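What the coordinates show
Here is how the chains run, residue by residue.
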Amino acid sequence: MPTYTAPVKDMQFILHDVLKASESDIPGYAELERDFTAAILEEAGKLASDVLAPLNTVGDTEGCRLENGVVYTPTGFKDAFEAMKEGGWNGIDLPEEYGGQNMPYVVGTAVGEVFVSANMAFNMYQGLTHGAINALLAHGSEEQKATYLPKMVSLEWTGTMNLTEPHCGTDLGLIRTKAEPQDDGSYKISGQKIFISAGDHDLSENVIHLVLAKAPGGGEGTKGISLFIVPKFLVNADGSLGARNAVSVGKIEEKMGIHGNATCVMNYDEATGYLVGELHKGMRAMFVMMNEARLGVGLQGYAQAEAAYQNALAYAKDRLQGRAVTGPENPGGSADPLIVHPDIRRILMDQKSFIEGARAFTFWGAHLIDRAHRLGDKDAEAMISLLTPVIKGFQTDKGFEMTIQAQQVFGGHGYIEEWGMSQFARDARIAMIYEGANGVQALDLVGRKLAAEGGKAALAFFEMIKGFIKENEGNEALKSDFLEPLKAASKDLQAAMMFFMQNGMKNPNAALAGSTDFMHMFGHVCLGYMWALMAKASAEALSAGTSDATFHETKLATGRYYMARQLPATGLHLARIQSGAEPVMALAADQF
């Protein structure tokens, strides 16, 4: 059975050596001393390793079941959920007035990674609740917040998001779920939603569904959509649970992965619902939840890769196969361990360099969210808006690829369920699809985010890279291995943007045909920047005479690998983009 250990040391390095969290001017960051964050992450790591990780295979094997209208989760999930509730983990970065601990979002992000790596399907129950809470915090009435949030923060109640219908996924303007106004101010919700993660289960007393529906007078398309609270059980005036609402589970979907999470078809038969925010402005409210979910899904990409990598690394060190081409390295044994072979090293270095770069990128993104929310920093808000599709799309594409690489280390054993490696790949696969398929993320990046506010955030990104390179051009530890590759990759990204500007208006397909390449190019530049930041931190630590030279030397070597072997992919992506739309659009539909 696979095992998992929280990478606390690497997380601490990013929080304190790279982001220098406790020195930040962001409210709440001064309290983030090394010992404090270490205690939190180590405690989360214990829960992950001792409770959640052993249930990962259980959830995959058993799945969820629907019996007589009741959804049952896998063996052990209820006890694990109680442990999650008792630890107050869901509320770690939520407001104190509703029972949370009000820590910065970056702390919640780090803790979230640990739980996702240990058991992605399980973590989705509280992860979706967290997103629903933030949607209500942003757009719910004071009465709604008082009624629902304390119980959701404590995980006595959980939350969902209900968007997709059988005939529409990305194009939400096509939804048919109806909301009929009632004399008491409530609405009757009727329709069917599909692919609803954690749609129902036996872990909490109530499930609070956030449902998109169309009320009369809203018009066509997304402009006519409103958002409604539709609880599984109605809530009485005193906060106690009342009658069962007219919402039921039609079936549990049979999926490729995340079997431990109940992905449900939800039927609404004139269920009682309550409007959230303004009528016909539901997309605005739902996007709060969707944007948080996209960052969380980007995290899932590298978090699954981390768990897979840990097990692949252990196998590569233990499994004896063949001899090193330069001579035996295990002369007392019948063969050398796999890790002596250059191609196995390549596979492992691909994983290690991506995971550590993606972790830094995600934590940096969380720090931008903290700047936006706690300081009202509009520039930080614009930057994370630009980068959200990159974090979601690039990191889940590459994260899935890395779980396949980890599986490859095991050879035939990686294909056998007994070893558990296929689960990481199967679970990671959904992250490329839900919360906006990655092709849609790429279209959003190229079609909307780049041009937002006249391209202000994109220009700020390039200035940030340029400023960092100029500021450190005299640093010999960085110059050739980090700064020059970053500068070259950044120029490739700018050239791609220039191509879009010159060709996109007269031929939009010229830009959209290259959108996924651009998203990946952008992701590589972001990870290149993260590796340059980490290299600077490690070089400074070594220069100061750190007591942990091996860690920092390893960090520098891993960063050099990424800059030399991964970052040059920007050149390939640029060539594809500059080929324009013609190769992509050449065939008529009936020629495929």
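What comes next concerns the included structure. (Residues numbered from 1 in each chain as written. Predicted model: local features only at pLDDT ≥ 70, side-chain atom pairs only at ≥ 80, totals over all residues. Heavy atoms only, no water.)

On to the side chain of Lys145, then. Counting through the fold element by element, Lys145 comes out in helix 6 (residues 142–153). Excluding anything up to four places from it in sequence, Lys145 contacts Tyr98, Leu136, Leu137, Gly140 and Pro150. (Helix = DSSP H or I, 4+ residues; strand = E, 2+ residues; numbered from the N terminus. Contact = heavy atoms within 4.5 Å.)

In this section: the packing of helix 15 (residues 515–543) against helix 16 (residues 549–566). In contact at an axis separation of 9 Å, helix 15 and helix 16 are set at 150 degrees when each is read in the N-to-C sense. The orientation of helix 15 with respect to helix 16, classified from their angle, is roughly antiparallel. Remark: the crossing between helix 15 and helix 16 carries left-handed chirality. Of helix 16, the residues touching helix 15 (which contributes His524, Leu527, Gly528, Trp531, Met534, Ala535, Ser538, Ala539, Ala541 and Leu542) are Ala549, His552, Glu553, Lys555, Leu556, Thr558, Gly559, Tyr562, Met563 and Gln566. Per-class residue counts for the contact of helix 15 with helix 16 are eleven nonpolar, seven polar and two charged. (Axes fitted to C-alpha atoms, helices over the stretch in contact; angles between N-to-C directions. Parallel < 35°, antiparallel > 145°, perpendicular 65-115°, else oblique. Left-handed = near helix turned anticlockwise from the far one by under 90°. Nonpolar A, V, L, I, M, F, W, Y, C, P; charged D, E, K, R; others polar.)

With respect to the element layout, Ala308 can be found in helix 7 (residues 282–318). Overall, Ala308 belongs to the buried group, its relative accessible area being 0%. In this structure, the C-alpha to C-alpha distance between Ala308 and Tyr4, residues 304 residues apart in sequence, is 8.8 Å. With residues near it in sequence (within four places) discarded, Ala308 still touches Thr403, Ala406, Met421 and Phe424. (Buried < 20%, exposed > 50% of the residue type's maximum accessible area, 1.4 Å probe, protein only.)

Now for the environment of Ala243. Within the secondary structure, Ala243 is located in strand 9 (residues 241–244). Taking C-alpha positions, Ala243 is 24 Å from Lys78, a pair spaced 165 residues apart along the chain.

The backbone of Leu155 sits at a positive phi, close to 70 degrees, despite the residue not being glycine. Examined against the element boundaries, Leu155 turns out to sit in the loop between helix 6 and strand 3 (157–162). Among the residues examined, Leu155 registers a relative accessible area of 1% and is labelled buried. With a phi angle near 60 degrees, Phe195 is a residue other than glycine that sits in the positive phi range. Topologically, Phe195 is positioned in strand 5 (residues 187–197). Its relative accessible area of 53% is what places Phe195 among the exposed residues.

Glancing now at the pattern of salt bridges. Summed over the entire model, instances satisfying the criterion amount to 32 salt bridges. A salt bridge links Arg346 to Asp343; its shortest N-O distance comes to 2.7 Å. Of this pair, Arg346 and Asp343 both sit in helix 8 (residues 342–375), three residues apart, which is roughly one turn of the helix. Glu401 serves as the salt-bridge partner of Lys398, at 3.2 Å between the closest nitrogen and oxygen. One end of the pair, Lys398, and the other, Glu401, are both in helix 9 (residues 378–409), three residues apart, so they sit about a helical turn from each other. One connected set of salt bridges, linked through shared partners, spans Asp10, Glu113, Glu306, Lys352, Glu356, Arg359 and Lys555. (Salt bridge = Lys/Arg side-chain N within 4 Å of Asp/Glu carboxyl O.)

Here we take up the state of the cysteines. Under the definition given, this model contains zero disulfides. Here Cys64 stays unpaired: no disulfide links it, and the sulfur of Cys264, its closest cysteine neighbor, is 7.7 Å away. Residue class for Cys64 comes out buried when judged on its relative accessible area of 15%. (Disulfide = S-S within 2.5 Å.)

This part covers the pairing of strand 5. Sheet topology places strand 4 (residues 178–181) next to strand 5; four bridges connect them, and they run antiparallel. Each residue of the ladder has a partner; that of Glu180, found in strand 5, is Lys188. What sits between the antiparallel neighbours strand 4 and strand 5 is a turn of five residues, in which Gly185 has the positive phi angle 95 degrees. As judged from the nine bridges shared by strand 5 and strand 11 (residues 263–276), these two strands associate in the antiparallel manner. Bridging from a neighbouring strand, Ile196 pairs with Cys264 of strand 11. (Pairing = 2+ DSSP bridges.)

So, on to the nonpolar core. Core analysis: the biggest nonpolar cluster contains 183 residues, and Phe115, Phe461, Phe518 and Phe522 have the highest contact counts within it. If you tally residues by element for this core, the top one is helix 7, at 16 residues. The residues contacting Phe522, other than those within four sequence positions of it, are Leu386, Leu387, Val390, Leu445, Leu450, Phe461 and Leu493. (Core = buried A, V, L, I, M, F, W, Y, C linked by side-chain atoms within 4.5 Å.)

Our next topic: the environment of Gln144. The residue Gln144 is located in helix 6 in this model. Gln144 sits in the buried class, given a relative accessible area of 11%. Each C-alpha atom, one on Gln144 and one on Leu275, is 9.8 Å from the other, the two residues being 131 residues apart in sequence. Beyond its immediate stretch of four places on either side in the chain, Gln144 contacts Leu149, Ile229, Tyr274, Leu275 and Val276.

With that settled, consider helix 2 (residues 34–62). Helix length check: helix 2 (29 residues) gives 40 Å between terminal C-alpha atoms against 42 Å at 1.5 Å per residue, within 8%. Its maximal kink placed at Leu52, helix 2 deviates by approximately 40 degrees, while the proline Pro54 follows within four residues. A positive backbone phi angle near 65 degrees is found at Gly63, which sits one or two residues after helix 2. (Expected span 1.5 Å × (residues − 1). Bend = angle between axes of the 7 residues up to and from the residue.)

Inspection of the entire model under this criterion finds 18 aromatic pairs. For the pair Phe518 and Phe522, a centre-to-centre distance of 5.8 Å together with 80 degrees between the ring planes defines the contact as edge-to-face. Taken together, the residues span about one helical turn, with Phe518 and Phe522 both in helix 15 at a distance of four residues. Residue classification places Phe522 among the buried positions, given a relative accessible area of 2%. An aromatic cluster is defined as three or more aromatic residues linked by ring pairs; in this entry it consists of Phe461, Phe462, Phe499, Phe500, Phe518 and Phe522. Lying over the aromatic face of Phe233, Arg244 brings its terminal NZ or CZ to 5.6 Å of the ring centre. (Phe/Tyr/Trp six-rings, centres within 6.5 Å; stacked < 30°, edge-to-face > 60°. Lys NZ or Arg CZ within 6 Å of the ring centre and 35° of its normal.)

The subject of this paragraph is helix 13 (residues 479–503). Think of an α-helix as 3.6 residues a turn; residues three or four steps apart then line up on the same face. With 25 residues, helix 13 extends 35 Å between its outermost C-alpha atoms, agreeing within 8% with the 36 Å of an ideal straight helix rising 1.5 Å per residue. Those residues of helix 13 lying buried are Phe482, Leu483, Leu486, Ala489, Ser490, Asp492, Leu493, Ala496, Met497, Phe499, Phe500 and Asn503.

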